[in-house]
Every structure is written in structure tokens, then in C-alpha cells.
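Letter by letter, the chains look like this.
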Amino acid sequence: MAKNTIKGNAIPKHIAIIMDGNGRWAKARLRPRSYGHKKGVDRMIGLMEHAFDLGVDYITVYALSTENLRRPQKELDGLFELIRTRFLDCMRKVCARGARLRIIGERALLPADVQEILAQSEDETKHFTGKGINVALAYGSRAEIVRAANLAVEKGETLTEERLSELLYTGGQPDPDLIIRTGKEVRLSNFLLWQAAYAELYFSDKMFPEFSDSDLDEAIAYFSSKTRRYGKTDEQIEKGE
Ligand code: FPP
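(A) Representation of unusual backbone geometry within the structure. Within the chain, N190 stands out as a residue other than glycine whose phi angle is a positive 65°. Despite not being glycine, L192 shows a phi value in the positive range, around 50°. Looking at the secondary structure, you find L192 in the loop between β5 (178-181) and β6 (200-203). The exposure class of L192 is buried, given its relative accessible area of 0%.

(B) Examining the packing of aromatic side chains more closely. Across all of its chains, the model carries six aromatic pairs by this definition. Ring centres 5.6 Å apart and planes at 20° place the aromatic pair W25 and Y35 in the stacked group. Of the two residues, W25 is situated in helix α1 (residues 22-28) and Y35 in helix α2 (residues 33-54); the sequence distance between them amounts to ten residues. Note on W25: relative accessible area 10%, which makes it buried. Relative to F191, the ring of Y62 lies with its centre 4.4 Å away and its plane at 10°, an arrangement referred to as stacked. A residue pair is termed long-range when its members are at least 10 positions apart, and Y62 in strand β2 (residues 58-62) and F191 in the loop between β5 and β6 qualify at 129 residues.

Cut-offs used in this document
- Residues numbered from 1 in each chain as written.
- Predicted model: local features only at pLDDT ≥ 70, side-chain atom pairs only at ≥ 80, totals over all residues.
- Heavy atoms only, no water.
- Helix = DSSP H or I, 4+ residues; strand = E, 2+ residues; numbered from the N terminus.
- Buried < 20%, exposed > 50% of the residue type's maximum accessible area, 1.4 Å probe, protein only.
- Phe/Tyr/Trp six-rings, centres within 6.5 Å; stacked < 30°, edge-to-face > 60°.

Rendered as C-alpha cells:
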């Protein structure tokens, strides 16, 4: 779908994607899972560029959950190798559009050299404001919420909803408007549970490596077709209350 066929005011500011199905996509092609992850990186970059072109400001991708860290070491090594060999270049390319990169998750659980690459990528983009990319690595939403609550406890603060939002890794960013999951499963798998409170959810049967730019357009068109009432009635929304 071309840019001008999606209503300007209906573009989500923040899209989050659960990139599921790399392994099954590779298996169906009699290739190793690592091949699926490689293709997944290419698609991740392509979708980020397309989303920015459409006017999206923030993109969050779920690259590795804390639970995924229990996968066979060989598969994890393959993912870490992708970070070592491709992450800096890929992020430079996408972030050149003015986006600040944030790694969200328990990065201390990752190999030390990988942590350094991630820190360098973040550092190179820290002057950008207004647009952002969050890459969730060793991420779990419950752990993120507990971490935020503990930060408040340490400071002797009483939490409010606003304050808890600020203390999350995504503090200062708008909540995701649209969360997309590829790979046929219909669940959030401990991803952005707090931030997802009012998000539209979109589930695709496509495996992540085959989720195309026009599939993203379709997801955005689905988002655009929804009226976001935030608990109000249609009549209140029409009156602008
Ligand atoms: C889930 O598919 C995907 C992952 C655990 C990894 C996602 C990673 C990428 C798309 C590449 C981006 C990576 C980096 C390093 C930033 P799955 O393997 O669980 O697929 P399956 O459900 O078919 O087994």
C-alpha cells in the first residue's frame, strides 16, 4: 500500500513486533534454524525502514526473550554471532533516519563482547531525539516491571501509573499503538505487558522471514480501521470529549 493511501492521522506512532517463526520457516525449507534468523535480520531491517518511511516514530522488536536464553547453546551462539557480525552496520543504516537505539532487557545475561557492541550502537545514536528503535534482548516484561518497582522502592518513592511507565526501559516513549506477532501464535509471551494496555493486537499466520512490507501495510490498515475509545463511548469520541 502506498504511503498516501493510509490516512496520515491513522499511522501508529509506535509499532512493536514479536518476530516469531524464523525456525519453522527455515525448517520448511530444510535449512538450519540459523538460516531463518539470518533472514529474520534482513526482514527486521526492511520493516524498520518501511515503517519509518510511513511515518512511524518508534519501533520495538522482540529479538530474544529471557526464556529464549534456555535454547540450545548452538542456536544462541548463532544469534550472538549475528549481533557480532551485522548489528552495528544494520543499526547504523536504519538509525541514520534519526532514530535513537535502545537495547531493552537484562543485557548482563549476554556475552561481554556482545554487550560492548550493543553499548557502542546505542552510544552512536544517543544524540537523536523524536524517533526510536528498541531491540528487546534477554527481555521479559514481568522482570522489567519488577525492576522498575524496585527502582522506586530504592528511592523511597510511591508509585503512580505515570511514574512506573517512566521507570520502564521504554520510559519517555509513547506506548505501542499496534503490536504485531507473526508465526501463527496468538499470545504476548511476556512482551511489553504494561505498555500494551491500549494497543491494538495483530496476529499474522506468516512466519517472520516472509512478513513483507505490504503485510505491514495490512497490519497498519487494520489499526487504522479501529476506533480507539480508551473506555469511552462512540458518542463521547465523536464529540471529542
Ligand atoms: C523467534 O522465532 C525468533 C527468535 C527467537 C529470534 C528473533 C531474531 C531475529 C528476527 C533476528 C534479529 C536478531 C538480532 C540478533 C537482533 P523462532 O526461532 O522461535 O521460530 P519458531 O517459533 O519457528 O521456532
